[in-house]
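The primary structure of each chain is shown beneath.
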Amino acid sequence: MSSALTALRRWCDPFIAALLVVLVIGIAIPIPHVFIEALTWAGTLAVMVLFFVYGARLRSSEVIAGLTNVRLQAGVALATFVVFPLLGWAGHGLTASLLGGMFATGTLYLTLLPSTVQSSVTFTSIARGNVAGAVCSATISNIAGVIVTPVLVYAIMGKASGVDPSKILDVVLQLLLPFAVGQLLQPRIGEWVRERRWLTKGVDHGTILIVVASAVAGATAKGLWRTVTLGQIGGLLVSSAILLALMLAATWWGGKALSLSRADRIVLLMCGSKKSLATGLPMAAIIFPAHTLAAVTVPVIVFHQLQLVVCAWLARRLARTTEEEPR
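Description of the structure in this document.

Quick notes on the rules
Residues numbered from 1 in each chain as written. Predicted model: local features only at pLDDT ≥ 70, side-chain atom pairs only at ≥ 80, totals over all residues. Heavy atoms only, no water. Helix = DSSP H or I, 4+ residues; strand = E, 2+ residues; numbered from the N terminus. Contact = heavy atoms within 4.5 Å. Areas by Shrake-Rupley, 256 points an atom, 1.4 Å probe, with all protein chains shown as cover. Core = buried A, V, L, I, M, F, W, Y, C linked by side-chain atoms within 4.5 Å. Buried < 20%, exposed > 50% of the residue type's maximum accessible area, 1.4 Å probe, protein only. Bend = angle between axes of the 7 residues up to and from the residue. Phe/Tyr/Trp six-rings, centres within 6.5 Å; stacked < 30°, edge-to-face > 60°.

1. Some points on the overall build of the protein
Okay, step 1: Helix and strand counts for the protein come out as 15 helices and 0 strands.
Okay, step 2: Taking as baseline every contact in the protein between residues at least 6 positions apart, the subset at least 24 positions apart corresponds to 87%.
Okay, step 3: When the accessible area of the protein is evaluated, it comes to approximately 15,500 Å², of which 70% is carbon and sulfur surface.

2. Focus: the nonpolar core
Okay, step 1: Membership of the largest hydrophobic core comes to 57 residues, with the highest contact counts inside it found for Tyr109, Val212, Met270, Leu281, Phe288 and Leu318.
Okay, step 2: Broken down by element, this core gets its largest block of residues, 12 residues, from helix α15 (residues 290-324).
Okay, step 3: Met270 has contacts with Ser120, Phe123, Thr124, Cys311, Ala315 and Leu318, leaving out every residue within four places of it along the chain.
Okay, step 4: Listed in part, the 9 residues of the second largest apolar core include Val76, Val121, Ala134 and Leu268.

3. A short note on helix α9 (residues 131-157)
Okay, step 1: The sharpest bend along α9 measures roughly 55° and falls at Gly145.
Okay, step 2: A positive backbone phi angle near 65° is found at Gly158, which sits one or two residues after α9.

4. Remarks on the packing of aromatic side chains
To describe a pair of aromatic rings, one takes the distance between the centres and the angle between the planes.
Okay, step 1: Applying the stated criterion across every chain yields a total of 2 aromatic pairs.
Okay, step 2: Each ring, one from Phe84 and one from Phe303, has its centre 6.1 Å from the other, and the planes form 75°; the classification is edge-to-face. Of this pair, Phe84 sits in helix α5 (residues 70-90) while Phe303 sits in helix α15, and the two are 219 residues apart along the sequence. Of the two residues, Phe84 and Phe303, neither departs from the other in class, the shared state being buried.
Okay, step 3: Plain terms: the ring middles of Tyr109 and Phe288 are 5.0 Å apart, the flat faces sit at 85° to each other, and that makes the pair edge-to-face. A residue pair is termed long-range when its members are at least 10 positions apart, and Tyr109 in helix α7 (residues 101-110) and Phe288 in the loop between α14 (277-287) and α15 qualify at 179 residues.
Okay, step 4: Assessed through its relative accessible area of 4%, Phe288 is described here as buried.

Laid out in structure tokens, this is it:
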């Protein structure tokens, strides 16, 4: 019994559980429009605070140091902002016929996001990869994504997705500007923020929950969920699994093609195969119109949970094979 409970705690992240609760409540219980508007304003403010904290936490020297490993950084950037988007674009027609327009739009949007930070670094550490390289790769990916992702969204998805190109300016004002202010204040408050990991984690998770609550409640008010079928949900799970498998293969064997060390191949595998929920949902709330937001964010949430489960298993397997290698 105790082993079963241990396994459950290992796989059932409290944050993911909270996210699922918010989804269920938002779908099942209609919320008055005035409260939805309040959630939207709260989400905007939370996003700005989140990126300010990111800027205040990150040492500028870490970004500069990360740029010296050119092959590794180029590999992660290529996987994140070229290979992933190409797969999303190539498969968009098929996903549209299987999942419907909005879930297909969300799946394509997913492929344009930057990599994760926390899980990429954690899994790299578990797998005995280059942790410093992972920190730099994931961090640079997220900084670049603030600009690159909105540009890719408009360039690839265009007006048909409902994306307004003027929203790119909103991304700069709500994401990049708070981040820059945080960086300017980093020499004064950075150490204080880094010593309080709960602060970053709390703001990170809280922001996502507010954004999801606002999006799902808005979709419920507009009757969006009545149009979603179980077949579409199943198709979303299958398409996410295929996409993740393709990127895991591409990054692992791509690392070999780039002649990276095993430690750096693990970085490329873990950073290049992931997409950031923490960046993706707040950015979606800025880029996409309100009536499409919930359906667009569902594929991001599904893929995020899948990548955590698969990469947790993969990291432990890589750690074991590293131990077994002759020294």
